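# A closer look at the structure
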Amino acid sequence: MIFMGSHKYPKENEYDSFVSSNGGVCNAYTEGEYTVYHFDVNHSALPHALDLFAHCIFSPLLRQEAVDREIKAIQNEFKLAVLDDDSRLQQVLSHQVRADHVLHKFSWGNEASLRQTPESRGVDAYAKLVEFYNQFYKGQASSMTLCVVSGRSLDEMEALTRSTFAEANFTAASPSAWATSASIRAMNSSSTGVSCAPSFWRDAFSASSASSTVRVMAASTAARASGSSASSGASI
């Protein structure tokens, strides 16, 4: 939903179209405790792609008329996954977890869980969508991680990242947490990623409750015209 238009770029799917037309791909996935959004794009297209990406995160339109189309897309994905053994085993495991634990819940989305069940219970699914965004995305710099990798110098990358995210209305730190309060960490091609410890698995059979975080990731392909194979980046 967040990639179906933003206040600065209201055209639906403009982010996806720009990335794909500039030699890149974009996608997203959700795990038990975090969601990852990622893309790669030709070196020269990174500044505009990053701006499109940023505005999708902190100023999406969340159009109500787009909800039906998105639910249909999710239902189609569910139909493909429902016969997958790994997905079925995941759900079997969920049934073994304590009934009051978040992992016990249905771990996929489909038309029944996103439309039919809420309607039968008098729940406004769109209102819940907006509520979820406001709670876990809007202004939540402290629960997000941004990683940008490129063939540009670290100074260039830092300046680009700060200027792009300076408009974000993140209230977790100072007026603009991305631009003034976030720490910058250098990354190169040999850097290893930071993994998220799945604490919800440790808590699944105890009395502790699960936590939830959001992770954001962006990347660009290194410039090939210069002949350089080294890459550098900035992580916020």
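For the structure itself, look to the data block above.
A brief report on the enclosed structure follows. Not measured: the values here are computed from a predicted model.

### A word on the nonpolar core
- With 29 residues, the main nonpolar core has I2, Y15, F39, L46 and F53 as its most contacted residues.
- Counting residues per element, the ones that place at least two in this core are α1 (14–21), β2 (35–40), α2 (46–58) and α7 (154–165).
- With 9 residues, α2 is the largest single contributor of residues to this core.

### Describing unusual backbone geometry
- Not every positive phi belongs to a glycine, and N13 is a case in point at roughly 65°.
- Mapped onto the elements, N13 comes out in the segment before α1.
- With a relative accessible area of 30%, N13 lands in the partly exposed category.
- The backbone of L62 sits at a positive phi, close to 50°, despite the residue not being glycine.
- Within the secondary structure layout, L62 lies in the loop between α2 and α3 (67–81).
- For L62, a relative accessible area of 7% gives the class buried.

### Structural notes on α3
- The end-to-end C-alpha separation of α3 is 21 Å, in line with the 21 Å expected for 15 residues at 1.5 Å each.
- Turning to α3, its buried residues number three or more, namely V67, I71, Q75, F78 and A81. On an axial view of α3, the arc spanned by its buried residues comes to 120°, and they lie on one face. In α3, those exposed residues whose orientation departs by more than 90 degrees from the buried face are K72, K79 and L80.

### A look at the pattern of salt bridges
- On inspection of all chains with the given rule, the structure shows 7 salt bridges.
- For D51, the salt bridge is made with K8, and the minimal N-O distance between the two is 2.8 Å. A residue pair is termed long-range when its members are at least 10 positions apart, and D51 in helix α2 and K8 in the segment before α1 qualify at 43 residues.
- Given the relative accessible area of 11%, D51 is considered buried.
- You can call K8 partly exposed: its relative accessible area is 42%.
- For the salt bridge of R115 with E111, the shortest nitrogen-to-oxygen distance reads 3.4 Å. With R115 and E111 both in helix α5 (residues 111–120), this residue pair falls 4 residues apart, about one helical turn.
- Judged by relative accessible area, which is 28%, E111 ranks as partly exposed.
- Each of D68, E111 and R115 takes part in one network of salt bridges that share partners.

### Observations regarding the side chain of T164
- Within the secondary structure, T164 sits in helix α7.
- A distance of 2.7 Å separates a polar side-chain atom of T164 from the backbone oxygen of L160.
- Residues within four places of T164 in sequence aside, it is in contact with L50, D51, A54 and F58.

### Side note on the packing of aromatic side chains
- The final tally for this structure, using the stated rule, is 12 aromatic pairs.
- Ring geometry for F3 versus Y15: centroids 4.7 Å apart, planes at 25°, classification stacked. Here Y15 lies in helix α1 and F3 lies in the segment before α1, a separation of 12 residues in the sequence. When sorted by exposure, F3 lands in the same class as Y15, which is buried.
- When the centroid spacing of 5.4 Å and the interplanar angle of 50° are considered together, the rings of F39 and F53 count as tilted. Of this pair, F39 sits in strand β2 while F53 sits in helix α2; the two residues are 14 residues apart in sequence, bridging distant segments of the chain. Exposure class is identical for F39 and F53. Each is buried.
- Taken together, the ring pairs in this structure connect F3, Y15, Y37, F39, F53, F132, Y133, F136 and Y137 into an aromatic cluster.

Basis of the calculations
Residues numbered from 1 in each chain as written. Predicted model: local features only at pLDDT ≥ 70, side-chain atom pairs only at ≥ 80, totals over all residues. Heavy atoms only, no water. Core = buried A, V, L, I, M, F, W, Y, C linked by side-chain atoms within 4.5 Å. Buried < 20%, exposed > 50% of the residue type's maximum accessible area, 1.4 Å probe, protein only. Helix = DSSP H or I, 4+ residues; strand = E, 2+ residues; numbered from the N terminus. Expected span 1.5 Å × (residues − 1). Arc of directions from axis to C-beta. Salt bridge = Lys/Arg side-chain N within 4 Å of Asp/Glu carboxyl O. Polar contact = N/O pair within 3.5 Å; in protein donor to acceptor, adjacent residues only side chain to side chain. Contact = heavy atoms within 4.5 Å. Phe/Tyr/Trp six-rings, centres within 6.5 Å; stacked < 30°, edge-to-face > 60°.

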